Amino acid sequence: MSRMGDVLAGFHAAWEFESDSVLIRYERGIRTPKLLQALGERRVPLEAIAGVTLTRGKRGTVVLRVEPRPGADPLMEAAAGQLKESGDPYRLVLPAEREVLAEYYADELRPLLTQSGPADRFLVKPPEGPLSFKAYDGKATFDGRTVNFRWFWTGASSAKWKAGDQSFSVGELNGVEWRSPEVFEGHLRLLRRDAEASAAQADQDPAAVVFGLGYGPVHESLPFAAAVLAAVRTSSPVAAVPAPRRDPADIAERIRHLGELHQAGLVTDEEFSVKKAELLAEL
């Protein structure tokens, strides 16, 4: 750029143009989409950008947008085209009177974009951990190395209760599947290296958590999915780390719930005996 450190401020965000990147800072105001607030700040290297456009927006605005290269940003890879326009982190909406200024920066930026096509690695940093969110049927946590699903009494299916809480090291995973909570059957599913693609519904799959009204919101579950995906891409397969021993009170509660499922006819005698033995073995 002609002057490193130039800043172009728009609605909800400001872009600072540097010699090798664009630093995007998102506002934390009440009108700013929650996903952008959660992202806070992102540095996008020029090598991660395929192009830049300037178009007319709604109600007297113009929109400056940089187009990330496929495979360059874990957030966009996890989103897989499901983000609403208002939540697109690569759009800068400006008043129409700033169109000439926006065009100037677009013209300055274009000659610097020398890379195109899919990137062979993530170039934009993923959201930082540890991360967690509440899904409809459980709580998901990620510490940078391990994803844990802890099922909720009120939401988890009997299949998930029988399977028990789940723990996955990133070395066991091949990727993630995120379906926006703003569409029907939203969920986060972990794709395992040593398993075939699951045909089970997400509410029956112990490697998935399901979303619902107020559960697994985009600004929590998508950064989570992006962080896991980035960790998976940079890891190598490793042996799973044994789960720590459980709290005896927790085991007793799960045995009690298993007994209720058994009495209700949702668990067979054999399933009840096997799962009860597994739970007792964790003490």
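Everything numeric here is computed off the predicted structure, so don't read it as measured data.

J.: Talk me through the confidence of the model for the protein chain; I want residue IDs and the actual numbers.
T.: Looking at the protein chain, pLDDT values average 89 and 92% of them are 70 or higher. The model gives residues 238-243 a pLDDT under 50, and that stretch makes six contacts with residues more than four places away or in other chains.

J.: Could you give an account of the sheet that holds strand S4 (residues 41-45), naming the residues involved and the relevant values?
T.: Pairing is antiparallel across the open sheet formed by four strands, whose spatial order is S1-S2-S3-S4. Since the sheet does not close on itself, it has two edges, and those belong to strand S1 (6-9) and S4, each with one partner. Ignoring which end each strand starts from, the neighbouring axes of this sheet average 20 degrees apart. Of the pairings in the sheet, the one linking strand S2 (residues 13-17) to strand S3 (residues 21-26) comprises five bridges and is antiparallel in character. Residue pairing for S3: phenylalanine 17 is matched across the bridge by valine 22. Docked against the sheet, helix H3 (residues 99-109) engages S1, S2 and S3, running at close to 135 degrees with respect to S1.

J.: An account of the environment of valine 44 is needed here, citing residue identities and associated values.
T.: Structurally, valine 44 can be placed in strand S4. Valine 44 sits in the buried class, given a relative accessible area of 2%. Residues valine 44 and glycine 216, spaced 172 residues apart in sequence, show a C-alpha to C-alpha distance of 26 Å.

J.: I'd like a description of unusual backbone geometry, backed by residues and values.
T.: Of note in this structure, histidine 12 is not a glycine but carries a positive phi near 75 degrees. Along the chain, histidine 12 turns up in the loop between S1 and S2. Its identity as a non-glycine residue notwithstanding, alanine 80 has a phi of 50 degrees, on the positive side. Within the fold, alanine 80 resides in the loop between helix H2 (74-79) and strand S7 (91-95). A residue is classified by how much of its surface remains accessible, and alanine 80, at 53% relative accessible area, is exposed.

J.: Can you explain helix H5 (residues 218-233)? Please cite residues and give values.
T.: Quick reminder: α-helices carry 3.6 residues per turn. Residues three or four places apart thus point the same way. If you check H5, its first and last C-alpha atoms are 22 Å apart, about what 16 residues at 1.5 Å a residue would give, namely 22 Å. Across the 16 residues of H5, 13 count as buried, placing the element largely inside the fold.

J.: For the pairing of S1, give the residues involved together with the corresponding values.
T.: Residues Asp6 and Leu8 of S1 are buried on one face, while the alternating residues Val7 and Ala9, pointing to the opposite face, are not. Where S1 lies against S2, four bridges are found, and the strand directions are antiparallel. Its bridge partner lying in S2, leucine 8 is registered against tryptophan 15. Here S1 hands over to S2 after three residues, with histidine 12 in that stretch at a positive phi of 75 degrees.

J.: Could you give me a rundown of the nonpolar core, with the residues and numbers involved?
T.: Counting 68 residues, the largest nonpolar core has Leu64, Leu188, Phe224 and Val228 as the members making the most contacts within it. Element by element, the count of residues in this core is highest for H5, at 11 residues. Sequence-distant contacts of leucine 64, defined by excluding residues within four places in its chain, comprise Leu8, Trp15, Phe17, Val52, Thr53, Leu54, Tyr90, Arg91, Leu92, Leu94, Ala102 and Ala106. Counting five residues, the second largest nonpolar core, distinct from the first, contains Ile251, Ile255, Leu258 and Leu279.

J.: Describe the packing of aromatic side chains, naming the residues involved and giving the relevant values.
T.: Scanning the entire structure with this criterion turns up 10 aromatic pairs. Ring centres 5.1 Å apart and planes at 70 degrees place the aromatic pair tyrosine 104 and tyrosine 105 in the edge-to-face group. A residue is classified by how much of its surface remains accessible, and tyrosine 104, at 29% relative accessible area, is partly exposed. Residue classification places tyrosine 105 among the buried residues on the basis of a relative accessible area of 4%. Linked through ring pairs, Trp15, Phe17, Tyr104 and Tyr105 together constitute an aromatic cluster.

Cut-offs used in this document
- Residues numbered from 1 in each chain as written.
- Predicted model: local features only at pLDDT ≥ 70, side-chain atom pairs only at ≥ 80, totals over all residues.
- Heavy atoms only, no water.
- pLDDT = per-residue confidence, 0-100.
- Contact = heavy atoms within 4.5 Å.
- Pairing = 2+ DSSP bridges.
- Helix = DSSP H or I, 4+ residues; strand = E, 2+ residues; numbered from the N terminus.
- Axes fitted to C-alpha atoms, helices over the stretch in contact; angles between N-to-C directions.
- Buried < 20%, exposed > 50% of the residue type's maximum accessible area, 1.4 Å probe, protein only.
- Expected span 1.5 Å × (residues − 1).
- Core = buried A, V, L, I, M, F, W, Y, C linked by side-chain atoms within 4.5 Å.
- Phe/Tyr/Trp six-rings, centres within 6.5 Å; stacked < 30°, edge-to-face > 60°.

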